[in-house]
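# Report on the structure
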Amino acid sequence: MTGPRQQDSKFRERVKSMKRLTSLVAALLIMSLFLAACSGGATPETPPTGLEEGPKKDTIVERAVADQQTFDPFGTADINDQRIHYQIFDSLMRQEPDGSLVPALCTDYKFNETGDEITFTIREGVKFHNGDVMTADDVVFSLNTAIASGFTSKVTSTMDRAEKVDDKTVKLILKYPFAPILGCLVSSSCAIVPQKVYEADKDAFGRNPVGAGPYMLKEVKPGEKIVLEAFSDYYRGEAPIKNLVVRIIVDDAAALMALESGELDLMQPSQAYTDRDAIINNPNLVYYEAEQACTFLVAFNNVKGVFTDKRLREAVARAIDREELILGAVNGMATPVEAGLVPITPQYPHGFKGLEYDLEKAKQLVIDAGYPNGLDVTMRVIAAANYTKPAEVLQAQLKKIGINVKIEPMERGTWFDVAYAGGDYEMTFYAHAISVNDADFCSYPFLHSSEADGKGNNYMGIKNAELDECLEKARTSQDEAERKAYYLRACEIIRDESLFVPCYTGRRTMAAVKELKGVQADPWMRYYKYNYSW
Amino acid sequence: MLRYVVKRLLLMIPVIVGISFILFVIMDLTPGDPARSLLGEYARQEDVDALREEWGLNDPFAVRYGRYLASAIRGDFGKSYRTNIPVVQEIISRYPATMKVATLAILFAMAIGIPVGIISAVKQYSLVDFGSMATALLFTSVPPFWLGLMLILIFSLMLRLLPSVGTDSWKSFIMPAAALAAAQMATMTRMTRSTMLEVIRQDYIRTAKAKGASQRYVVLKHALRNALLPVVTVVGIGFGNLLGGSLIIENVFGISGLGTLMVNAVKSKDSPMLIASVMFAALVGGLVNLAVDVLYTYIDPRVRSQYVKG
């Protein structure tokens, strides 16, 4: 039996060791906090342990901002999903880094005289990841599946059906001639998949895709990482980068530190441009910029409410100082836009002048509209910084002409339900984005009367016969000069009627380690990794 | 005792059903169409309508909820609207990461919080006491995401010791667990200190000292066991919360856990995923609370005697 004294000495020993441990841990934690508070910028030296992803020069580790929903190219409209799809699948056409469209899984294409049928000669010997050779049946099946899908209408709404002509030839029949159709066929929504595998189990295909693209899916840790490996039988030759690891990191600050520490090679920086200086000032990193494929604008409800009065719309148009707006909303990281299209489209009328900034005239227009004491309006916007920050600047600018704006931020889904689809708003701040590099995509869906009244994307309820005619002729004409003329006229109508107020186009950005070659900031967010190398 | 455990388990059923009903109502009342959200803003109205029909969203509330309950009883909690994968499968694939981080965090918190609390109580008003209380206050005050970012800055970017993202190795769990543990640790330190201070002033402690035992022996042998009961409650509540997933820490460290799953479900109005994951979190929370109650009986003979009598 042990007495109290003996037990006491044992406890004393335990307490001593416990005390030492506690002091050590406490000291470490306090020191960590102190170091953190004192630390400035850090420069990477060696990569941290624990994240070895195979031979460094064969691998790219990049960031994704959201989890992958599906690998089925016909089962998503999400741009984040599609970034991976562009690595796994190929389509009939491809867009080169210089913007030109070239045949991909076809070798040739030919329009009929009326422009509503395209005959493709499919590329021979193209293999899918499972080793099967691509056939005309696969192409027809893929196009028809895309056309039937509810997810792909952005690029397939003008397609009627695909038909097999013979073993080497496929015909795509359109509902009507559509000038930007080849651009639509670049989209991963029009990817070519093996019919046999897709038909066997569509759900399984969404988890284990088989494409004809440069990369094959190797591993998925849902919500955490996706690993792709180069497809050795890719028809253009095996990709220089053999492994592609996509890590899902939602937090911008954490992603930046991962890039700085060497855990990431490539990342989409913060869209609020908060990390721009840190990346530019880091000698080991390169910050890439390009114009975004969208135009931010002030939209009015043209159907009901105070902005059915053109004078008030014009007053707003004349009261907006775009330079100030850009500075306040996006720290100057944008380019002013005066025409109602997206500037990177080939049809954009560069040099086009919008309504002149004129506060006195704007004030007079408000008085003329019957509001000598000003008026209160509500601006419903998506509750995200790229909409709420400009809304705040606009609020200050419009106050100068007597328009008191109350900003009502709404969760994105709610905004779409209430304002975009429901038409329950007075004015809003939104972006017209395009997925194909053609002015049709930022005009017809948003401005043509057939898309109004809840039938499509004309959420502003614009109904203008002349504008309709311009947009119809521009989308069906095969003459590029003629199309530009129609779009110029469309821009004039938008300006003269103040249907909406185009404000600016932002910057698409990308950051990468300097050794990585072939990186570009891609307005289309496709980021073909096939073009990358160390 | 067994009867008590069974009774508690049965009581959890109405709680879980109640949670599913409340979430069903909330998801039904809040604006936003999951079909539109999934198909995108350019989707044709007929495609949106068709998807709503496929998901049964056009049926009356009672029909939809009844159908959901009937399927849930059979173990079918539906498929995620976003991924078209059965929600149970999604939860099972994500939960291990949450559980690992939570378990490690609570172990960190206990390993440091309880001993520091004891020392603070025994050395009341000493430098150690002030230091530990100040640190506890700091850890309670700093947001976990900030602490997480600071840990990344120090241990990944500066010292190159730990990976900042993912769950590829055991090292990956250290920083997220530490960031989550900080607040729990602070609570445990303060709780242990205050309960210890109450206990060491009791008569039986004075008696033990009078018998000749040293203060350390008295504290650890006689006082600690009595002081542990409230601490166990704090540990249980903290562990239950951590097991429900932490969105912020998961986002900062690129961990795919229950928190991220739930928030993605809210954003996309993915009702089957949200309801199942919240029910799962509630179930885990309930089980942890039950475990804590059972643990009381082992720590405190007075509590055990109640069940024996019952």
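Residues numbered from 1 in each chain as written. Chains lettered and ligands numbered in written order. Predicted model: local features only at pLDDT ≥ 70, side-chain atom pairs only at ≥ 80, totals over all residues.

### Examining the overall build of chain B
Filter applied, for reference: Put simply, DSSP H or I for four residues or longer makes a helix, DSSP E for two residues or longer makes a strand, and each gets a number counted from the N terminus. To sort residues by burial, count the other C-beta atoms lying within 10 Å of each one's C-beta; a count of 20 or more means buried, 12 or fewer means exposed, and anything in between means partly exposed. C-beta atoms are built from the backbone. Contacts here follow a simple rule: the backbone-placed C-beta atoms of the two residues must lie within 7 Å.
What chain B contains, in helices and strands, is 14 helices and 0 strands. Principal axes of the C-alpha set define a box for chain B whose edges measure 85 × 60 × 30 Å. Within chain B, buried positions represent 46% of all 310 residues. Contacts in chain B between residues at least 24 apart in sequence constitute 73% of all its contacts with a sequence separation of at least 6.

### Describing the overall build of chain A
For chain A, the helix and strand inventory stands at 17 helices and 18 strands. Split into buried and exposed, the 534 residues of chain A put 49% on the buried side. A sequence separation of at least 24 residues applies to 69% of the contacts in chain A between residues at least 6 apart.

### Remarks on the nonpolar core
The condition that has to hold: By definition, a nonpolar core groups buried Ala, Val, Leu, Ile, Met, Phe, Trp, Tyr and Cys residues that connect through C-beta atoms lying within 7 Å of each other.
Ranked by internal contacts, the top residues of the largest apolar core, which has 248 residues, are A:Ala254, A:Val298, A:Val316 and B:Ala105. If one sorts the elements of this core by residue count, helix H5 (residues 87-122) of chain B sits on top with 18 residues. Ignoring sequence-local partners within four residues, the contact set of A:Ala254 consists of A:Ile249, B:Leu149, B:Ile152, B:Ser164, B:Val165, B:Val252, B:Phe253 and B:Gly254.

### Re the interface of chain A and chain B
Quick note on the threshold: Side-chain classes are defined by residue name, with Ala, Val, Leu, Ile, Met, Phe, Trp, Tyr, Cys and Pro counting as nonpolar, Asp, Glu, Lys and Arg as charged, and the others, Gly among them, as polar.
Contacts between the two partners involve 62 residues from chain A, matched on the other side by 61 residues from chain B. Going through the elements one at a time, helix H1 (4-38), helix H4 (153-156), helix H7 (202-207), strand E10 (243-248), helix H8 (252-260) and helix H14 (412-421) of chain A are the ones with two or more residues in the side of chain A that touches chain B. Ranked by residue count, the leading element in the side of chain A that touches chain B is H1(A), at 16 residues. Taken together, the residues of the side of chain A that touches chain B break down into 28 nonpolar, 18 polar and 16 charged.

### Some thoughts on the confidence of the model for chain A
Detailed conclusions should not be drawn from predicted coordinates in areas where pLDDT is low. Just so we agree on the cut-off: Per-residue confidence from the prediction method is given by pLDDT, with values spanning 0 to 100.
Per-residue confidence for chain A averages 88 on the pLDDT scale, and 90% of its residues sit at or above 70. Low pLDDT (under 50) marks residues 28-55 of chain A, which in the prediction has 47 contacts with non-local residues, meaning those over four places away or in another chain.

### Quick word on the domain arrangement of chain A
Residues and elements named next belong to chain A. Applied cut-off: These domain limits were set by an automatic method or by a database of domain assignments.
Parsing chain A into structural domains produces domain 1 (89-193) and domain 2 (294-505). Between domain 1 and domain 2, the C-alpha centre-to-centre distance is 34 Å. On the side of domain 2, 11 residues touch domain 1, which itself brings 12 residues to the contact. Elements that contribute at least two residues to the side of domain 1 that touches domain 2 include exactly H4 and helix H5 (181-184). Across the side of domain 1 that touches domain 2, the residue classes tally to 7 nonpolar, 4 polar and 1 charged.

### Quick notes on the packing of H5(B) against helix H6 (residues 127-141) of chain B
Packed helices, taken two at a time, are described by their axes: the angle between them and the distance between them. Residue and element names in this part refer to chain B. Defined as follows: The convention used is that axes are lines fitted to C-alpha atoms, helices contributing only their stretch in contact, and that angles between N-to-C directions extend from 0 to 180 degrees. Orientation labels follow simple angle bins: below 35 degrees gives roughly parallel, above 145 gives roughly antiparallel, 65 to 115 gives roughly perpendicular, and whatever is left gives oblique. Note: crossing handedness is left-handed where the near helix turns anticlockwise from the far helix by less than a right angle, and right-handed where it turns clockwise.
Interhelical geometry of H5 versus H6 gives an angle of 140° and a closest axis separation of 8 Å. In this view, H5 runs oblique relative to H6, as classed from their interaxial angle. Every pair of crossing elements has a handedness; the one defined by H5 and H6 is left-handed. Across the interface between the two elements, Val-116, Ile-119 and Ser-120 from H5 touch Val-128, Asp-129, Ser-132 and Met-133 from H6. Considering only residue class, the contact of H5 with H6 consists of 4 nonpolar, 2 polar and 1 charged.

### Overview of the sheet that holds strand E4 (residues 106-111) of chain A
Residue and element names in this part refer to chain A. Applied cut-off: Following DSSP output, two strands are said to pair if at least two bridges run between them.
Judged by pairing direction, the sheet is antiparallel, and its 4 strands sit side by side in the order E4-E5-E7-E6 without closing on themselves. The two strands at the open ends of the sheet, each matched to only one other strand, are E4 and strand E6 (159-166). The mean angle between the axes of side-by-side strands here comes to 20°, regardless of whether they run parallel or antiparallel. Note that strand E5 (residues 117-122) and strand E7 (residues 169-174) share 5 bridges and pair antiparallel. Residue pairing in the sheet places Glu-117 in a bridge with Ile-173 of E7.

### Comments concerning unusual backbone geometry
Not every positive phi belongs to a glycine, and A:Tyr527 is a case in point at roughly 45°. On the secondary structure map, A:Tyr527 appears in the segment after strand E18 (500-513). Of note in this structure, B:Lys269 is not a glycine but carries a positive phi near 55°. Along the chain, B:Lys269 falls in the loop between helix H12 (258-267) and helix H13 (271-299).

### What to know about the environment of A:Ser149
Tracing the chain through its elements places A:Ser149 in the loop between helix H3 (136-148) and H4. Along the primary structure A:Ser149 and A:Lys218 are separated by 69 residues, whereas in three dimensions their C-alpha atoms are 26 Å apart.

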